[in-house]
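Observations on the three-dimensional arrangement
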Amino acid sequence: MNSTLPTAISAVPDARGRFGPYGGRFVPETLMFALEQLDTAYRAARSDPAFVAQFQRLLADYVGRPSRLYLAERLTREAGGARIYLKREDLNHTGAHKINNALGQALITLRMGKRRVIAETGAGMHGVATATAAALFGLECRVYMGNEDVRRQALNVFRMRAMGAEVFPVESGSRTLKDATNEAMRDWMSSVETTHYIIGSVVGPHPFPMMVRDFQSCIGQETKQQCLQQLGKLPDVIVACVGGGSNAAGMFYPFVDEPSVELVGVEAGGRGPRPGDHAATLNNGRPGVLHGSFSYVLQDDDGQTADVHSVSAGLDYPGVGPEHSYWHDLHRVRYCSVSDREALDAFHLCGRLEGILPALETAHALVEALRIAATRSPDDVVVVCFSGRGDKDCAEVARLTAQNSL
Amino acid sequence: MNPLDALFQRLRAEKRAALMPFLTAGDPDLAFTQQLLPRMAAAGADLFEIGFPFSDPIADGPVIQASYTRALRHGLKLADIFRSLHEVHQTWKAKPTPLVAMASYSLIYRMGATAFIEAAQNAGLCGAVLPDLPVEEANEFASVAQERNFHPILLVTPTTSPARAEKVVKVCRGFVYVVSVVGITGTREALPAALREQIARLRTLTDLPLCVGFGVSTPDHVRELQTIADGVIVGSALVKHLENASSDRTAALTAVCQLVKELRAALG
């Protein structure tokens, strides 16, 4: 064998859960046995045809996959360049990509013989997805949600409770996603022998970043097939929003070894580049340790987590998945940021032109997709990972519009 | 000799367990921490675990988390903690009470293991408890620490397998931190029955002192533990008395020292 052959970018993580230098496990010793148990259970499941078939069946019959790849003609005309296609994860059951991962991890929970699940949620979509999976499989479910997000995302709080989950408002810290994650980890510290923690993004200690990416990779795999079938070629550019980065990881992963496909991740630029005004971790952060993993983080000089802000609760997070840090350093994915104001404008534009209200997270990706499309020829194809629907954001957008607080 | 080793050698000869109070640096401010440490030492503390406030502690319960939040509210920096510990240490020249840090790896990584250990040693700290650094990731820190005779202290919990425990105790110096419960820090009514077996198993793996923490809060707990452990770590029960320290320092100081006295008395 020729040892100088380049290794595929997709050939990560290694056995220690490292994506290049990133990832790993930085958690209290109490949780280590659960991570080892999870790693073993997940690896066994992944190579078990019965598990794979059951997961695929759920994705098809319960979630409604494959999700559509839709040519957004009026957005294309608006941009005046490349054709813009939307990968419609918003049409999934529960209205976002989060359900793919929640169902996968619920199946793993059953395999491990655990009967209780916990989750953290920001925008509430992962909480809803977890509550949904818990209802489907008869699992006890508690969702941790920052109090600020409980206020911003009242509809999702109602949905979770209606499906039998307990929503636990978190009062500590900034009362957003980071604090909900701390609280879920603390619950897990005490309940780890009987409870599985369904982490909602490609973050946290190994094997979570790998497992969540794998469960979300149906997005990119379908997109690849659909592009080949509908367009006869791979897309030229793919754009996805990045908070923790699960929809982007699931979309990008099947394409990282395809050098012709340009990949663009969009972070939350918030109110501007000053510390505390944004959540653009890869753009403004540096490598550090947060929530069990080594990755880019927004911290001060001492390593204390910085305050973050985004109009989008799902992107309002001071960390990012370790595989994104790896792709960032390799320059395989370009990460940019989009402001609150631009995302809100895209929310309205997409509604008016396409009759589709995007989640505010998704709206960030739309802004960059429109920008890129404008500079390209009509022969080019830009795919947007349309990660979720905007219903959950309507009350907050109405409030902000009335206040004109931006 | 590292002061931790000297301490445990002496206590073994006296056949007594060590009392190790946990105290958050800078709650509500560093001046108070400086005032508290010698008073607690006089009340019977054998060594201290100094909590370095962190914005996102995962292993800590509500009492210590709130304490960290109070300490960080006024922009507490690591450099300030090191400086004030150094000042306290200077006043203790005759018979210093050993100090170990308890610091999240998030803080240590940012500063760098070598820089952290150097600063800690200059401040008079003789080791560090690493609450979120599993043994698999601890090599770099441990090797730098061991070169400098600074003691890395990892944790063993009820969920730690015998194979893992063997790896953990090999990396530890000074003592092994034995977590009594599956859970976070905070007071508990009773200590788990399985703790005795857990400690007996660890004795077959290491000669290092075994210090028990998490949930240890009352003189009764301490009395029970002294028959099996080399040290007891009391955190939340003491830190709880700091909740109102910003408005009434004397009351907080009195309450903390009173509890330390009672805990020390229970050790005989």
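Figured I'd write up the structure that's included with this text. (Residues numbered from 1 in each chain as written. Chains lettered and ligands numbered in written order. Predicted model: local features only at pLDDT ≥ 70, side-chain atom pairs only at ≥ 80, totals over all residues. Heavy atoms only, no water.)

Observations concerning the overall build of chain B
Quick reminder of the rule: Helix and strand definitions here come from DSSP, where helices need a minimum of 4 consecutive H or I residues and strands a minimum of 2 consecutive E residues; each element is numbered from the N-terminal end. Computation of the radius of gyration draws on C-alpha atoms, with the globule rule given as 2.2 Å multiplied by the number of residues to the power 0.38. Type-normalised accessible area, obtained with a 1.4 Å probe on protein chains alone, sets the label of each residue: buried when under 20%, exposed when over 50%, and partly exposed for intermediate values. Contact criterion: two residues are considered in contact whenever any of their non-hydrogen atoms come within 4.5 Å of each other.
If you tally the helices and strands in chain B, you get 12 helices and 9 strands. Its C-alpha atoms give chain B a radius of gyration of 17 Å, near enough to 18 Å, the size a compact globule of 268 residues would have. In terms of overall dimensions, chain B has C-alpha extents of about 45 × 40 × 35 Å along its principal axes. Buried positions account for 62% of the 268 residues belonging to chain B. Expressed as a percentage of contacts within chain B between residues at least 6 apart in sequence, the contacts between residues at least 24 apart total 74%.

Quick notes on helix H4 (residues 78-91) of chain B
What counts, and what does not: One fewer than the residue count of a helix, multiplied by 1.5 Å, yields its expected span.
Given a rise of 1.5 Å per residue, 14 residues ought to cover 20 Å, and the 21 Å separating the end C-alpha atoms of H4(B) matches this to within 8%. Against the buried residues of H4(B) lie helix H2 (30-43), strand S2 (48-51), strand S3 (99-102), helix H5 (105-111), helix H6 (113-122) and strand S4 (125-129) of chain B.

Some words on unusual backbone geometry
With the exception of glycine, most residues fall at negative phi, and the peptide bonds are largely trans. In this structure, A:Pro13 follows A:Val12 across a cis peptide bond, with omega equal to 0°. Inspection of the secondary structure puts A:Pro13 in the segment before strand S1 (18-19). At the junction of A:Arg65 and A:Pro66, the peptide bond is cis and its omega measures out at -5° in the coordinates. In this fold, A:Pro66 is placed in the loop between helix H2 (49-63) and strand S3 (69-71). One non-glycine residue, A:His291, adopts positive backbone phi at about 50°. Turning to its location among the elements, A:His291 is positioned in the loop between strand S11 (286-290) and strand S12 (293-297). The backbone of B:Phe214 shows a phi angle near 75°, a positive value even though the residue is not glycine. Within the fold, B:Phe214 resides in the loop between strand S8 (210-213) and helix H10 (219-225).

Observations regarding the nonpolar core
The cut-off we apply is this: Nonpolar core, defined: a set of buried Ala, Val, Leu, Ile, Met, Phe, Trp, Tyr and Cys residues in which side-chain atoms within 4.5 Å join the residues together.
Ranked by size, the top nonpolar core spans 181 residues in total, and within it A:Phe252, B:Phe52, B:Phe116, B:Leu125 and B:Phe141 carry the most contacts. Once residues lying within four places of it in the same chain are set aside, the contact partners of B:Phe52 are B:Tyr68, B:Leu78, B:Ile81, B:Phe82, B:Ala101, B:Met102, B:Ala103, B:Leu107, B:Phe116 and B:Leu125. Counting 41 residues, the second-largest nonpolar core is a separate cluster that includes A:Ile84, A:Val264, A:Val338 and A:Leu344.

A word on the pattern of salt bridges
This is how it is decided: Any Lys or Arg side-chain nitrogen located within 4 Å of an Asp or Glu carboxyl oxygen qualifies as a salt bridge.
Following the criterion strictly, the structure yields 52 salt bridges over all chains and no others. For the salt bridge of A:Glu29 with B:Arg164, the shortest nitrogen-to-oxygen distance reads 2.9 Å. Here A:Glu29, found in helix H1 (residues 29-46), pairs with B:Arg164, found in helix H8 (residues 162-171), and the two come from separate chains. Each member of the pair, A:Glu29 as well as B:Arg164, carries the same accessibility label: buried. Its salt-bridge partner being B:Asp27, residue B:Arg70 comes within 2.7 Å of it at the nearest N-O pair. Here the residue B:Arg70 occupies a position in helix H3 (residues 62-72), and B:Asp27 occupies one in the loop between strand S1 (18-24) and H2, the gap between them amounting to 43 residues. For the pair B:Arg70 and B:Asp27, a shared accessibility class is recorded, and that class is buried. Three or more residues joined by partner-sharing salt bridges are found here, namely A:Arg116, A:Glu140, A:Arg142, A:Glu166 and A:Asp187.

Some thoughts on the pairing of S11(A)
Residue and element names in this part refer to chain A. Filter applied, for reference: By this definition, two strands are paired if DSSP reports at least two bridges between them.
When S11 meets S12, the two strands line up antiparallel, connected through 5 bridges. Across the sheet, residue Arg-286 finds its bridge partner in S12, namely Val-297. Where S11 folds back onto S12 in an antiparallel hairpin, the turn is made up of 2 residues, including His-291, whose phi is positive at roughly 50°.

A few points about the interface of chain A and chain B
Short version of the rule: By definition, the buried area sums, over both parts, the 1.4 Å-probe accessible area that each loses when the two are put together. Residues adjacent in sequence count toward polar contacts only when both atoms are side-chain atoms; beyond that, a polar contact is any pair of N or O atoms within 3.5 Å, and within protein one must be able to donate a hydrogen and the other to accept it. Note on residue classes: Ala, Val, Leu, Ile, Met, Phe, Trp, Tyr, Cys and Pro are nonpolar, Asp, Glu, Lys and Arg are charged, and everything else, Gly too, is polar.
Each side of the interface is counted separately: chain A has 37 residues, and chain B has 33 residues. Summed over both partners, the interface of chain A with chain B comes to about 3000 Å²; 49% of that surface belongs to carbon and sulfur atoms. The three residues of chain A that bury the most area against chain B are A:Glu29, A:Arg186 and A:Asp302, which together make up 25% of that side's buried surface. For the interface between chain A and chain B, the tally reads 6 salt bridges. With its nearest N and O atoms 2.6 Å apart, the salt bridge here joins B:Glu137 to A:Arg18. Linking chain A with chain B are 21 residue pairs in polar contact (both at pLDDT 80 or more). When residues of the side of chain A that touches chain B are traced back to their parent elements, those giving at least two are H1, helix H8 (177-191), S11 and S12 of chain A. At 7 residues, the largest contribution of residues to the side of chain A that touches chain B is made by H8(A). Here the residues of the side of chain A that touches chain B are counted per class, giving 13 nonpolar, 11 polar and 13 charged.

A few points about the packing of aromatic side chains
The criterion, for reference: When two rings of Phe, Tyr or Trp (its six-membered ring) have centres within 6.5 Å they constitute a pair, described as stacked for plane angles under 30 degrees, edge-to-face for angles over 60, and tilted for the intermediate range. Two conditions define a charge located above a ring, namely a distance within 6 Å from the ring centre to NZ of Lys or CZ of Arg, and an angle within 35 degrees of the ring normal.
Considering all chains together, one arrives at 19 aromatic pairs over all chains under this definition. Taken together, a centroid distance of 5.5 Å and an interplanar angle of 55° make the contact between B:Phe52 and B:Phe82 tilted. Pair noted here: B:Phe52 is in the loop between S2 and H3 and B:Phe82 is in helix H4, with a separation of 30 residues, a long-range link. We note that B:Phe52, like B:Phe82, is buried. Site record: aromatic cluster; members linked through ring pairs are A:Tyr22, A:Phe26, A:Phe294, A:Tyr296, B:Tyr105 and B:Tyr109. Between the NZ or CZ atom of A:Arg213 and the centre of the ring of A:Tyr253, over which it lies, the distance is 3.8 Å.

Section: the sheet that holds strand S6 (residues 140-146) of chain A
All names here are of chain A. What counts, and what does not: Angles shown run from 0 to 180 degrees and are taken between the N-to-C directions of axes, each axis being a line fitted to C-alpha atoms and, for helices, limited to the stretch in contact.
Taken together, the 4 strands give an open sheet; going across it, the order is S7-S6-S5-S8, and neighbouring strands pair in parallel fashion. Among the strands making up the open sheet, the edge pair consists of strand S7 (166-170) and strand S8 (195-197). Sheet twist, expressed as the mean angle between neighbouring strand axes with direction ignored, is 25°. In this structure, S6 lies alongside S7, joined through 5 bridges in parallel fashion.

Some remarks on the environment of A:Thr130
Residues and elements named next belong to chain A. Note on placement: Thr-130 falls in helix H5 (residues 125-137). Judged by its relative accessible area of 0%, Thr-130 falls in the buried class. When sequence neighbours within four positions are dropped, the list of residues in contact with Thr-130 reads Ala-102, Val-117, Ala-119, Cys-141 and Ile-198.

As for the pairing of S1(B)
Residue and element names in this part refer to chain B. Burial within S1 is extensive, with 7 of its 7 residues counted as buried. Burial of S1 is two-sided: the residues Ala-18, Met-20, Phe-22 and Thr-24 facing one way and the residues Leu-19, Pro-21 and Leu-23 facing the other way are all buried. Where S1 lies against strand S9 (residues 231-234), 4 bridges are found, and the strand directions are parallel. Residue pairing for S9: Pro-21 is matched across the bridge by Val-234. With 3 bridges connecting them, S1 and S2 associate as parallel partners. Bridge pairing links Thr-24 to Gly-51 in S2.

Describing empty space enclosed by the protein
All names here are of chain A. Basically, it comes down to this: Buriedness for pockets is judged along seven lines, at least five of which must meet protein on both sides within 12 Å for an open set on the 1 Å grid over protein atoms alone, while cavities are sets there where a 1.4 Å probe fits but cannot get out, and lining residues have an atom within 4 Å of a point. Grid points are joined across faces, edges and corners, and a volume is the space filled by probe spheres set on the points.
Taken as a whole, this structure holds 7 cavities of 30 Å³ or more when the rule is applied. Of the pockets and cavities examined, the largest cavity occupies roughly 410 Å³. Lining the largest cavity are 34 residues, and of these Lys-98, Leu-177, Gly-200, Ser-201 and Gly-314 lie nearest its centre. If you list the elements that add at least two residues to the lining of the largest cavity, you get strand S5 (116-121), H5, H8, helix H11 (246-252) and helix H15 (360-374). Looking at which element gives the most residues to the lining of the largest cavity, the answer is H8, with 3 residues. The residue inventory of the lining of the largest cavity, partitioned by class, reads 12 nonpolar, 18 polar and 4 charged.

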